[in-house]
Amino acid sequence: MSRPWIAALALALAACGGGLTAEKYGQIKLGTTYAEATALIGKPDRCDEAIGLKTCTWGDEQRGATLRFVGDKVVFHSSTNLR
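Anyway, here's the lowdown on the structure attached to this text. Note that this is a predicted model, so its numbers are computed, not measured.

Criteria and thresholds
Residues numbered from 1 in each chain as written. Predicted model: local features only at pLDDT ≥ 70, side-chain atom pairs only at ≥ 80, totals over all residues. Heavy atoms only, no water. Salt bridge = Lys/Arg side-chain N within 4 Å of Asp/Glu carboxyl O. Buried < 20%, exposed > 50% of the residue type's maximum accessible area, 1.4 Å probe, protein only. Disulfide = S-S within 2.5 Å. Helix = DSSP H or I, 4+ residues; strand = E, 2+ residues; numbered from the N terminus.

So, about the pattern of salt bridges. Under the criterion given, the structure shown has one salt bridge. For the salt bridge of arginine 46 with aspartate 48, the shortest nitrogen-to-oxygen distance reads 3.0 Å. Overall, aspartate 48 belongs to the partly exposed group, its relative accessible area being 39%.

Right under this line is the structure:
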């Protein structure tokens with residue numbers, strides 16, 4: 001017996017853990033791992049990698065955040081207009 005609502009509920013609950021907010025962004029510190037960051041604020045909209053530096057962005061220029069990782073740890077982070 002198939003229960004498609006169970007899959008939808010599981011996806012909705014998984015999404016509750018992420019989401020870019022000022023409160024969740026405030027928990028990101030230098031040394032936070034990529035896995036910890038994505039657990040807090042969700043999957044990034046974009047990541048670029050070059051020579052051991054991974055730069056990921058969430059949102060856009062109007063409202064968003066940028067995190068830079070070296071060796072899987074945050075070395076720089078900034079945000080714009082988070083609520």
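As a further point, take the state of the cysteines. A full pass over the atoms with the stated rule returns one disulfide. Put simply, cysteine 47 and cysteine 56 are joined by a disulfide, and their sulfur atoms are 2.1 Å apart. Its S-S torsion of about 110° marks the bond between cysteine 47 and cysteine 56 as right-handed, since a negative value means left-handed.

Checked against the element boundaries, glutamate 36 lands in helix H3 (residues 34-41). Overall, the relative accessible area of 44% leaves glutamate 36 in the partly exposed class. The spacing of glutamate 36 and lysine 73 is 37 residues in sequence and 9.5 Å in space, taken between C-alpha atoms.

Read these as layout, nothing more, since geometry by itself doesn't imply function.
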